[in-house]
Amino acid sequence: MTDGRLQWHSGFSAALRVELEEELEELCIEDEHMLSKKPMQIDVLVVKKKREQPIRKNIGRIFRKHNIIEYKSPEDYLSVNDFYKVYGYTCFYQSETKRVKEIPPEEITITFICNHYPQKLLEHLKKFKRIEVEKQEAGIYYLLGDSFPIQLVIVKELSKEENYWLQNLRCNLKTGEEIQEVVRRYEQVKHKAYYSDVMNLIVRANQKQMEEEKNMCEALNELFAEELKEADLRGRKEGRKEGRNVGKIEKLKELVQKKLAKNQSIERIADDLVEDVEVIRKIVKELNV
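If you're wondering where the values come from, they're calculated on a predicted model, not measured in any experiment. (Residues numbered from 1 in each chain as written. Predicted model: local features only at pLDDT ≥ 70, side-chain atom pairs only at ≥ 80, totals over all residues. Heavy atoms only, no water.)

Here we look at the side chain of His116
Phase 1: Here His116 shows up in the loop between β4 (108–114) and α3 (119–129).
Phase 2: At 2.9 Å, the side chain of His116 forms a polar contact with the backbone oxygen of Pro74.
Phase 3: Apart from the residues lying within four places of it in its own chain, the contact partners of His116 are Pro74, Glu75, Asp76, Tyr77, Ile154 and Lys156. (Helix = DSSP H or I, 4+ residues; strand = E, 2+ residues; numbered from the N terminus. Polar contact = N/O pair within 3.5 Å; in protein donor to acceptor, adjacent residues only side chain to side chain. Contact = heavy atoms within 4.5 Å.)

Written out as structure tokens, the structure reads:
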């Protein structure tokens with residue numbers, strides 16, 4: 001099983017709720033908030049129900065009314081392009097309203113969450129936008145000098161005491177004490193909402209280590225018999241879904257090729273097939289037409 005098939009974003013979304021569970025009632029969290037009918041979306045949008053209510057949790061202290069979060073999976077990196085994409089989404093989110101300044105720009109924050117410190121990006125921001133980096137605490141940095149409050153969260157640097165579940169949302173857990181500690185903590189909270197989603201992803205991302213540890217630890221064997229089984233079933237379902245998606249794309253390519261043979265324009269093809277123009281343009285490029 002490859003990391004590419006793991007649902008990191010859904011696990012992160014659950015972990016975010018775990019991190020903010022003490023104040024969850026004060027927040028409205030939307031996953032994959034759609035910005036338009038086209039495939040352009042924010043990873044997570046967090047809207048405070050009461051603007052004046054401060055968030056005590058360390059990753060949420062910067063929050064204002066509207067808070068846009070970009071999450072990068074453990075093996076991914078935060079690039080300069082990623083920064084401007086999210087910055088653009090932020091501006092689009094503010095402007096896509098019925099009334100002018102219905103969402104006040106001063107009520108928006110941006111959060112980038114990743115595992116690797118983006119040195120090249122920060123060097124660019126300092127040179128091009130005069131943005132300075134200020135460390136607040138372990139794993140949390142504020143980017144100062146922009147109109148929007150921006151924070152950078154480096155998951156692997158976070159405090160294990162303060163951000164335990166988010167800090168363990170990775171694929172390199174060690175057998176022995178580290179995995180056993182995850183088990184002990186999960187036993188205490190498995191009845192709570194979202195923890196099982198976080199744990200399922202952790203199990204799947206570290207399935208080899210989990211299997212090794214399971215053979216040596218009867219408690220782990222009993223506790224995760226169902227989780228490991230579910231992880232395997234989910235992997236099979238995702239594999240079948242991926243196969244269906246590949247089949248759909250191949251069929252679309254075939255239809256596009258036939259319409260190109262009739263000298264139809266990309267816009268006409270997109271309209272006939274009820275597809276986005278950019279999708280059709282990408283297929284045409286792949287077909288080398």
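Moving on from the model shown.
Observations concerning the packing of aromatic side chains
Phase 1: Inspection of the entire model under this criterion finds eight aromatic pairs.
Phase 2: Plain terms: the ring middles of Trp165 and Tyr195 are 5.9 Å apart, the flat faces sit at 85° to each other, and that makes the pair edge-to-face. Of the two residues, Trp165 sits in helix α4 (residues 164–167) while Tyr195 sits in helix α6 (residues 195–205), which places them 30 residues apart along the sequence.
Phase 3: Residue class for Trp165 comes out buried when judged on its relative accessible area of 7%.
Phase 4: Its relative accessible area of 3% is what places Tyr195 among the buried residues.
Phase 5: Here the aromatic residues Phe83, Tyr84, Tyr87, Phe112 and Phe148 are joined through ring pairs into a cluster of three or more.
Phase 6: Positioned above the aromatic ring of Tyr87, the side-chain terminus of Lys129 is 5.1 Å from the ring centre.
Phase 7: Over the face of the ring belonging to Tyr164 we find Arg185, whose NZ or CZ atom lies 3.8 Å from the ring centre. (Phe/Tyr/Trp six-rings, centres within 6.5 Å; stacked < 30°, edge-to-face > 60°. Buried < 20%, exposed > 50% of the residue type's maximum accessible area, 1.4 Å probe, protein only. Lys NZ or Arg CZ within 6 Å of the ring centre and 35° of its normal.)

A look at the environment of Lys50
Phase 1: Position of Lys50 relative to the elements: it lies in the loop between β2 (41–48) and β3 (66–71).
Phase 2: A relative accessible area of 44% places Lys50 in the partly exposed class.
Phase 3: Sequence separation between Lys50 and Arg64 is 14 residues, and the spatial gap between their C-alpha atoms is 9.3 Å.

Topic: the nonpolar core
Phase 1: With 43 residues, the main nonpolar core has Phe12, Trp165 and Leu169 as its most contacted residues.
Phase 2: At the level of secondary structure, the elements contributing two or more residues to this core comprise α1 (8–19), β1 (27–34), β2, β3, β6 (140–144), α4, α5 (177–189) and α6.
Phase 3: The greatest single-element share of this core, amounting to seven residues, is contributed by α6.
Phase 4: Look past the residues within four positions of Leu169 in its chain and what remains in contact with it is Trp8, Gly11, Phe12, Ala15, Tyr71, Pro74, Val198, Leu201 and Ile202.
Phase 5: Membership of the second largest hydrophobic core comes to 25 residues, among which are Ile103, Leu121, Leu143 and Leu152. (Core = buried A, V, L, I, M, F, W, Y, C linked by side-chain atoms within 4.5 Å.)

Quick word on the sheet that holds strand β7 (residues 150–154)
Phase 1: The strand order β1-β2-β3-β4-β7-β6-β5 describes an open sheet built from seven strands, whose pairing is mixed. A strand with exactly one partner marks an edge of an open sheet, and here the two such strands are β1 and β5 (132–137). Averaged over all pairs of adjacent strands, the angle between strand axes in this sheet comes to 25°, irrespective of strand direction.
Phase 2: Two strands pair when backbone bridges link them, and β6 and β7 are joined in this way by four bridges, in the antiparallel orientation. Across the sheet, the residue bridging to Tyr141 is Leu152, located in β7.
Phase 3: Most of the contacts of α1 go to β3, to which it runs at about 135°, and overall it touches β1, β2, β3 and β4. (Pairing = 2+ DSSP bridges. Axes fitted to C-alpha atoms, helices over the stretch in contact; angles between N-to-C directions.)

Observations regarding the pairing of β3
Put simply, side chains in a regular strand alternate between the two faces of the sheet.
Phase 1: Burial analysis of β3 places six of its six residues in the buried class, which makes it a mostly covered element.
Phase 2: Burial along β3 is two-sided: the residues His66, Ile68 and Glu70 and Asn67, Ile69 and Tyr71 are all buried.
Phase 3: Pairing analysis gives four bridges linking β2 to β3, with the strands arranged antiparallel. Paired with Val47 across the two strands is His66, which belongs to β3.
Phase 4: Bridge count for β3 against β4 is six bridges, and the pairing is parallel. Note that in β4 the partner of His66 across the bridge is Ile108.
Phase 5: Once the chain exits β3 it traverses helix α2 (residues 80–95) before rejoining the sheet at β4, and the crossover so formed is right-handed. (Right-handed = clockwise from strand over helix to strand, strands pointing away.)

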